[in-house]
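Analysis of the macromolecular model
Chain by chain, the residues:
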Amino acid sequence: DPFDKILHPVYAELEKRQRPLWLHTGFEYIYDFEFPDEHLRRIAERFPKMPVVLAHAMFPRLEAAFQLAAACPNIYSDMTNVFGVLAHPAMYGPNALRIGYGALIDTLHWGLEKFAERIVFGSDHPAGIGGLEQILADLASIAITPRARQAMLMDAPHALFSEWAPGWMAGK
């Protein structure tokens, strides 16, 4: 349980070292477990120098992920498998898109623009939805602005990893 106070010393150490806490959120309909938004917020607020990365951006609850990002500047969203589901909604059934395709796309576009500096692309490769070529094709199939694409693929990951691994891109 990532909310158990027994983990607070671990989070304090992550914060001290400025290392991220990567939490597997989203796709709760598969796992029959939903991360309580307020618990995620409390962790981020209690450890403000620790980046908290929401793997899968709480999909399909993108709006909740973006609301958390608005409240906590140390929250990032990882978009692993989000584009694959949106590119192939019929494959995943109604549970995957609880709030409807159009609403999810609108929320995605809004969040990608508003929080571009804290959204990173993820693939789950080789375990993700299709091979790497398919994953990148799914990303390309969703209309997003060049600014949001650049931020998600390059700028946000660079900023996030530079924070906790200074010099990792030195010479590149």
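Residues numbered from 1 in each chain as written. Predicted model: local features only at pLDDT ≥ 70, side-chain atom pairs only at ≥ 80, totals over all residues. Heavy atoms only, no water.

1. Looking at helix H8 (residues 132-141)
The test is simple: Categorising residues by exposure relies on relative accessible area from a 1.4 Å probe, with only protein chains included: less than 20% of the type maximum marks a residue as buried, more than 50% marks it as exposed, and the intermediate range marks it as partly exposed. By the criteria applied, helices consist of DSSP H or I runs no shorter than four residues and strands consist of E runs no shorter than two, each listed in order from the N terminus. An arc is given here, and it is the one of the directions from the helix axis to the C-beta atoms.
For H8, the complete set of buried residues consists of Ile135, Asp138 and Leu139. Buried residues of H8, viewed axially, fall in a sector of 100°; they line one side. Seen from the open side of H8, the exposed residues pointing more than 90 degrees away from its buried face are Glu133 and Ala140.

2. Brief notes about unusual backbone geometry
The omega torsion across Phe59 and Pro60 is 5°, close enough to zero to call that bond cis. Relative to the assigned elements, Pro60 resides in the loop between strand E2 (52-55) and helix H4 (62-71). Although it is not a glycine, Gln18 adopts a positive phi angle of roughly 55°. Classification of Gln18 as partly exposed rests on a relative accessible area of 34%. The backbone of Ala57 sits at a positive phi, close to 50°, despite the residue not being glycine. Mapped onto the elements, Ala57 comes out in the loop between E2 and H4.

3. Description of H4
An α-helix turns once every 3.6 residues. As a result, residues three or four positions apart point the same way. We apply this condition: A contact between two residues is defined here by any heavy atoms of the two lying within 4.5 Å.
Listed in full, the buried residues belonging to H4 are Leu62, Ala64, Ala65, Phe66, Leu68 and Ala69. In this structure, the buried side of H4 is in contact with helix H3 (37-46), E2, strand E3 (75-78), helix H7 (101-114) and strand E4 (119-120).

4. Thoughts on the sheet that holds E3
To keep things clear, this is the line we draw: For two strands to count as paired, DSSP must find a minimum of two bridges between them. Axis lines are fitted through C-alpha atoms, for helices just across the contact stretch, and the angle between N-to-C directions can take any value from 0 to 180 degrees.
Strand order in this open sheet of four strands is E1-E2-E3-E4, and the pairing throughout is parallel. With partners counted over all chains shown, the strands left at the sheet margins are strand E1 (21-24) and E4, one partner each. Sheet topology places E3 next to E4; two bridges connect them, and they run parallel. Opposite Ser77, over in E4, you have Ile119 as the bridge partner. Contacts from H4 reach E2, E3 and E4, with the element oriented near 150° to E3.

5. Quick notes on the pattern of salt bridges
Here is the rule: Here a salt bridge means any side-chain nitrogen of Lys or Arg lying within 4 Å of a carboxyl oxygen belonging to Asp or Glu.
Evaluation of the coordinates by the stated rule reveals six salt bridges. Salt-bridge contacts for Glu13 lead to Arg17; the nearest nitrogen and oxygen are separated by 2.5 Å. In this pair, Glu13 and Arg17 are both assigned in helix H1 (residues 8-17), four residues apart and thus about one turn of the helix distant. We classify Arg17 as exposed; its relative accessible area is 51%. A salt bridge links Arg41 to Glu45; its shortest N-O distance comes to 2.8 Å. Highlighted residues: Arg41 and Glu45, both in helix H3, separated by four residues, approximately one helical turn.

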